[in-house]
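Chain residues, written in single-letter form:
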Amino acid sequence: MNIAVAGAGVVGVTTAVELKKRFRNANITLISDAFEEDTTSSVAAGIFRPGGDFTGPNRDVTRKWIEDSWWYWKELQESRNGAECGVTELSGYMFSNRSEKVVRNAHLEKLVPMYRSATEEELSNLTPQKWKFGSFYTTLLIDNTIYLPWAMKNFRQLGGEILHEHITNLQRLGSNYDVIVNCTGLGAQTLCNDDALVPVRGQVIKVDAPWIKTFFYADTETYIIPGFKSVTLGGCRELGSYNLDVDKYTALGIRERCENLVPSLKPASTIKTLVGLRPYRKPVRVECEITRSLNGKPVKLVHNYGHGGYGVTAAPGTALHSVQLVREVLSGNSKL
Ligand SMILES: Cc1cc2nc3c(=O)[nH]c(=O)nc-3n(C[C@H](O)[C@H](O)[C@H](O)COP(=O)(O)OP(=O)(O)OC[C@H]3O[C@@H](n4cnc5c(N)ncnc54)[C@H](O)[C@@H]3O)c2cc1C
């Protein structure tokens, strides 16, 4: 049996590994035109934090994706591979002067080991600004600059194949495979002619500040997230922008907002400034489709794209769902 996974971001690589674990005798090929640090996934800070605008087809499926993802990352973090695969525990603060809703997260509150309101002392004295609302919690951080190479190596060791190739047509590719799992992120806009999928541009600055040990989120899309190799300063959300160039005024604004929040960042040197286009779709598309190749042969597709700003968080949950759909579509039990 021949199965292809299109796309090698966090969604595609996680899906490919899980397929290979479950279909041991199948040939699984991961096909992509960019890998590792050239993907949007590598721009992300990688904090596990599902937002309210992350939605599956219904509440139950959304909750299952998030729970499955949490336990997947948690198992990796607790395994002896934790540091080797780029997953660690991280605690920090969310502050807002706008609404208490900003600092609450129904999904996280049920999953993480600790989630509490910020104390009066923390609201008043932790940062130069005073805050009306705040929370402190422990979550996970997944550093894709470590996780993606680790998972690709794992995939190769399991016997998976890797192909560096640009895909222009999924139907044409389909004549070579029994099923294709489409994890092409924003690339699916063209490949599937999907207007519901839109970019949400983000820009971040990776700085050298090993003294920052906790994360901070605050109003106006400001965040400071310590990782394995650097601290990520953000950010912005520009819906519909395809601009992949660094904007120097956005960078200055990010620096200013982050330094106002945590003044000890001032001496931190910039390692690099990065831009990524979040593949946003409501709902995230995880479903089967059977189309026809040019010579009329049925082409079985399982789509897995559109995770927006939460693809690192939710990749394992949607990967496990896709694997289930592959099983159904191959056995002819798909609801299509
Ligand atoms: C600034 C920023 C910060 C973020 N922070 C977080 C965070 O803290 N937590 C979180 O959960 N998420 C975060 N995200 C979101 C997260 O990065 C994305 O949701 C996630 O990377 C999407 O993963 P993906 O695998 O679907 O897409 P991608 O990483 O974009 O991968 C798509 C893959 O498909 C390939 N591809 C596309 N089209 C084709 C084609 N035609 N032919 C061949 N290959 C193709 C690409 O080369 C690539 O390998 C952030 C995003 C940004 C931009």
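Only a predicted model underlies this, so the values are computations on that prediction, with no experimental measurement involved.

A separate point is the overall build of the protein chain. Within the protein chain, the secondary structure is distributed over nine helices and 14 strands. Evaluated residue by residue, the protein chain yields a buried proportion of 55% over its 336 residues. Per element, the accessible surface of the protein chain, about 15200 Å² overall, is 49% carbon and sulfur.

It is worth spelling out the UniProt feature "binding site: D-dopa" (unreviewed entry) in the protein chain at this point. Residues annotated in UniProt with the feature "binding site: D-dopa" (unreviewed entry) correspond here to Y223, R278 and G309. You can see R278 is positioned in strand β13 (residues 269-292). Setting aside residues up to four positions removed in sequence, R278 forms contacts with T40, V198, P199, V200, R201, G202, E221, Y223, C236, R237, G308 and G309. Turning to its location among the elements, G309 is positioned in the loop between β14 (298-307) and α9 (311-331).

Moving on: the site of the ligand. Neighbouring the ligand are 36 residues, the closest being D33, S41, I167, G308 and T313. S41 places a polar side-chain atom, nitrogen or oxygen, 2.5 Å from an oxygen atom of the ligand. Protein contacts shield 94% of the accessible area of the ligand, which totals 1000 Å² for the unbound molecule. Going through the elements one at a time, α1 (10-22), β13 and α9 are the ones with two or more residues in the shell around the ligand.

Okay, the environment of T313 next. Structurally, T313 is set in helix α9. As for T313 and F48, which are separated by 265 residues in sequence, their C-alpha atoms are 4.6 Å apart. Apart from residues no more than four positions distant in its own chain, T313 is found in contact with I47, F48, R49, P50, S69 and W73. Only 3.2 Å separates the side chain of T313 from the backbone oxygen of I47, close enough to count as a polar contact.

Moving on, we get to the packing of aromatic side chains. If you walk through the whole model with that rule in mind, you get 15 aromatic pairs. Their ring planes at 80° and their centres at 4.9 Å tell us that W73 and Y147 sit as a pair that is edge-to-face. Here W73, found in helix α2 (residues 59-78), pairs with Y147, found in helix α5 (residues 144-157); they are 74 residues apart in sequence, far enough to count as distant. When sorted by exposure, W73 lands in the same class as Y147, which is buried. Three or more aromatic residues link up through ring pairs in this structure, and these residues are Y93, F95, W131, F136 and F216. Positioned over the ring face of Y217 is R49, at 4.4 Å from the centre of the ring.

One pass over the full model with this rule turns up 15 salt bridges. Across the salt bridge formed by R104 and E109, the nearest N and O atoms sit 2.8 Å from each other. For R104, a relative accessible area of 46% translates into the label partly exposed. Using a relative accessible area of 29% as the deciding quantity, one classes E109 as partly exposed.

With an omega of 0°, the peptide bond running from G234 to G235 counts as cis. Checked against the element boundaries, G235 lands in the loop between β11 (231-234) and β12 (238-239). Geometrically, the link from K282 to P283 is a cis peptide bond, its omega value of -5° lying close to zero. Secondary-structure assignment places P283 in strand β13. Even without glycine at this site, N193 takes up a positive phi of about 50°. Tracing the chain through its elements places N193 in the loop between α7 (188-191) and β8 (198-208). Of note, T220 is a non-glycine position whose phi angle comes to about 60°, a positive value.

What follows concerns the side chain of E259. Position of E259 among the secondary structure elements: in helix α8 (residues 248-261). Discounting chain neighbours no more than four positions away, the residues touching E259 are L265 and K266.

Analysis parameters
Residues numbered from 1 in each chain as written. Predicted model: local features only at pLDDT ≥ 70, side-chain atom pairs only at ≥ 80, totals over all residues. Heavy atoms only, no water. Helix = DSSP H or I, 4+ residues; strand = E, 2+ residues; numbered from the N terminus. Buried < 20%, exposed > 50% of the residue type's maximum accessible area, 1.4 Å probe, protein only. Areas by Shrake-Rupley, 256 points an atom, 1.4 Å probe, with all protein chains shown as cover. UniProt positions renumbered as here; feature names shortened; annotations may be inferred. Contact = heavy atoms within 4.5 Å. Near = heavy atom within 4 Å. Polar contact = N/O pair within 3.5 Å; in protein donor to acceptor, adjacent residues only side chain to side chain. Phe/Tyr/Trp six-rings, centres within 6.5 Å; stacked < 30°, edge-to-face > 60°. Lys NZ or Arg CZ within 6 Å of the ring centre and 35° of its normal. Salt bridge = Lys/Arg side-chain N within 4 Å of Asp/Glu carboxyl O.

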